[in-house]
Amino acid sequence: MPRPSLQAKEPADNADLLCVCRDALVRWGKDARRTASLMVGQPDYEVYVAHAEATHPDQPPLDRTAFFRLHEARRFGAGGAFRCC
Amino acid sequence: MGSEMPKGRTQADPEDRFAMGKLRTALIFGAIAILGAIALAVIALHQGESISAVWIVVAALCVYAIAYRFYARYLAGKVMGLNAKRPTPAVRHNDGLDYVPTPRNVLFGHHFAAIAGAGPLVGPVLAAQMGYLPGVLWILVGAVLAGAVQDMMVLFMSTRRDGRSLGDMVRTEMGPIPGIIAQVGVLMIMVIILAVLALVVVKALAESPWGTFTVAATIPIAIFMGLYTRYLRPGRVGEVSLIGVVLLILAIIGGGHIAADPFWGPAFTLSGTTLAIAMMAYGFVASVIPVWLLLAPRDYLSTFLKIGAILGLAVGILIVRPHIQMPAITPFIDGSGPVFSGALFPFLFITIACGAVSGFHALISSGTTPKLLENENQIPLIGYGAMLCESFVAIMALIAATVLDPAVYFAMNSPVAVIGDNAVSAAAAVAQWGFHITPAELEQLARDVGEHSILSRAGGAPTLAVGMAHILSNVIGGKAMMAFWYHFAILFEALFILTTVDAGTRVCRFMIQDLLGVAVPKMRETKSWTANVLATALTVGLWGYFLYTGVVDPLGGINSLWPLFGIANQMLAAVALILGTVVLFKMKRERFAWATAVPAVWLLICTLTAGFQKLLHPDVKIGFLAHARKYQDALTAGDLLAPAKTAGDMHRIIINDYVNSALTAGFLFVVLTMVVYGVRACLKARRINHPTVVEQPAAHELTLEDEAMDIARA
């Protein structure tokens, strides 16, 4: 985020505010999407890739489809989550 | 939810700021307490005229805010001693797949979606026959002191034990025998819940072509979605769900035309027994075929629709601010009510199970949630906070049922045996209870919601749907949209109940395979087609049996099955709270053990009383054995009692009564043995002067063993 300069305080402040709003919206949007996919048993793929790259750089991570299918099978597999009330 | 410590922006020194923060907290929560007290006083003391539902909402929110800010914090700090520095399973075993530290807001949404289901929507609707006051009070007190405590405690215990399941924890903390008893208990409870939920759907769809069509349409829609996510655009859950929802809305609109059609209308008008058999066949097929084809896509639809409908109802209540028509307390607290039999104590406390306290949450709180928890200090938000939201869903369901004219409520929820099968007899019957409506008004309401009749549609779902249609049509569409909203509400309930039934059948199947595997190791192979089909057939046969007996029951089935479900669910909660008490004793925190022991004792009192009444009560409407005796006597005398038409029917009714009695006795046995083992474990822990709890070590570094596990996992 650019710091407001002393000369043009007002417009910079406005830009600042816009920036903050946009960042917040983007963050909320991401969180909402992440929440919605976790609700149906799909964790965040990006988090997985970041983790896989950090811990096992030697192995290629699962691709999006394989990751999706793995969690789909797990949700309803043995010991899968049961929802009721 | 709740409030953070206020962040002072001044440059004052820390002590000053702390004092100011304290003062501000006192002022804010003092104001909330006063507002809550006023709202509760209005609810409790109001006589005569109807009150606005907003008072109930305000009272609930104030109670939740105070409970979350003070009691949850007390539980976290004093009772459990949460330690933010202690690594959670998600941190310790972070593998990016199963164990993933997840932001608390995201995890909160996941946990809430997992615990929110049909239970909190149906129970309060049934309990509304005693008036709104007993239900509101039990939902609030139960959630704050029992339900949320249980959820939070189980989440805490499981987090300290690598996300182990409830059954595992019972085994390690209380011994192998209670472990097996708890496992069998969970299986019995599961069968009952699947049967009773399926019964709710059958009751909502019977003789309703519009509803049957829309629910049937979800099957091809889900299969299309499944193929789409499998072959066209793998993993695009968002867009396929959007397509699915649009198709569903088209199905609801189309359902109206189908119902009016001279050929298709009668074709989709099915009797309860036909629907029950169709449900069993469907449940069997749906849980045997690959999950991506039907189960997973329907799960997307039901999850998103559920969250959307709950939010919609909340917004609707706030915009419309409807008035409560039901009296605060009705004469039916004496146990003579038509919806379910039995007096306020103990039957109110088992009728409203989910929403106040639900044992099933113990299975969720010890399932995926602890494996995703970032930090122990989020346990109050996830465990306690999510349950408060669930409790609020129950409050909204109660509001939706009580904003209806009580005459309509009783006409919809009383069995045919009590109010007869036409509007004239129904209006006459409810008039005897002091609620007045004309037969024409009853028929008009049925036409408004697009049904042939709204009489004797027990099970909660249709009543809730009429209530929701009443509220939502006041926001969008007016009277013209009432039929649409009614069928939208029916669809959303049926959809997530069916998803629960399929997913539950699969879970039960794995449990049965596991249990049978003890005797026949071959049964354990989950990939084996024979074992798979056998165990699934056994599961469907078990819940199908109870479903079928419920459908043919002249008193509507819900009458005998819902209390059984409530007893089972509350007993599971009691087991979880007993485990919590044992763990607190073993942690040498027994001076705080009342926090779990008091709700456990209350649940034991309620469920044991209810269980023994269901077994031994002399009233044939309540006691299974008394009912069996009545039919046995009639049979010996050579008489036939309705609904039996032959001596064979009489025999079947008697056998059903004995099966229900045996099941109730089984629940009583499970809970009594758990009490004995629990008390013994507590006494043993008391004698030892150091903690004996079996937790993961608090060490901040990984042990060698942990590292070896991580390597093995990779």
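Please refer to the structure placed before this passage.
Calculation rules
- Residues numbered from 1 in each chain as written.
- Chains lettered and ligands numbered in written order.
- Predicted model: local features only at pLDDT ≥ 70, side-chain atom pairs only at ≥ 80, totals over all residues.
- Heavy atoms only, no water.
- Helix = DSSP H or I, 4+ residues; strand = E, 2+ residues; numbered from the N terminus.
- Expected span 1.5 Å × (residues − 1).
- Buried < 20%, exposed > 50% of the residue type's maximum accessible area, 1.4 Å probe, protein only.
- Contact = heavy atoms within 4.5 Å.
- Buried area = accessible area lost by both parts, 1.4 Å probe.
- Salt bridge = Lys/Arg side-chain N within 4 Å of Asp/Glu carboxyl O.
- Phe/Tyr/Trp six-rings, centres within 6.5 Å; stacked < 30°, edge-to-face > 60°.
- Lys NZ or Arg CZ within 6 Å of the ring centre and 35° of its normal.

A. Quick peek at helix α22 (residues 461-475) of chain B. Residue and element names in this part refer to chain B. The first and last C-alpha atoms of α22 sit 21 Å apart over 15 residues, in line with the 21 Å expected at 1.5 Å per residue. Here α22 lies mainly inside the structure; 12 of its 15 residues are buried. If you check which residues of α22 are buried, you get Ala 461, Pro 462, Thr 463, Leu 464, Ala 465, Val 466, Gly 467, Met 468, Ala 469, Ile 471, Leu 472 and Ser 473. Downstream of α22 by one or two residues, Gly 477 has phi in the positive range, about 95 degrees.

B. The arrangement of the interface of chain B and chain A in detail. On the side of chain A, 29 residues touch chain B, which itself brings 54 residues to the contact. For the chain B and chain A pair, buried surface summed over both sides reaches about 3,500 Å², with 68% attributable to carbon and sulfur atoms. Of all residues in chain B, the largest losses of buried area upon contact with chain A belong to Leu97(B), Val106(B) and Asp299(B), amounting jointly to 16% of the total for that side. The interface formed by chain B and chain A holds 2 salt bridges in total. Two residues, Arg74(A) and Asp98(B), come together in a salt bridge whose shortest N-O distance is 2.4 Å.

C. Broad picture of unusual backbone geometry. Residues and elements named next belong to chain B. Between Phe 345 and Pro 346 the backbone carries a cis peptide bond, its omega angle lying at 5 degrees. Here Pro 346 lies in helix α14 (residues 344-351). Backbone geometry at Lys 588 places phi at a positive 60 degrees, although glycine is not the residue there. For Lys 588, a relative accessible area of 23% corresponds to the partly exposed category.

D. Structural context of the packing of aromatic side chains. Residues and elements named next belong to chain B. Counted according to the given criterion, the structure contains 28 aromatic pairs over all chains. Seen in terms of ring centroids, Phe 349 and Trp 602 are 5.1 Å apart; in terms of plane orientation they differ by 85 degrees. Their pairing is edge-to-face. Taken together, the positions of Phe 349 in helix α14 and Trp 602 in helix α26 (residues 594-616) put the pair 253 residues apart, joining distant regions of the chain. Since its relative accessible area comes to 29%, Trp 602 is described here as partly exposed. Both rings, one in Trp 562 and one in Phe 565, keep their centres 4.8 Å apart while their planes meet at 65 degrees; by these two values the pair is edge-to-face. Taken together, the residues Trp 562 and Phe 565, both in helix α25 (residues 558-586) and 3 residues apart, mark about one turn of the helix. The same class applies to Trp 562 as to Phe 565, namely buried. One aromatic cluster is present, formed by Tyr 71, Tyr 74, Tyr 384, Phe 592 and Trp 594 through successive ring pairs. When the ring centre of Phe 29 is taken as origin, the NZ or CZ atom of Arg 69, which lies over that ring, is 5.7 Å away.

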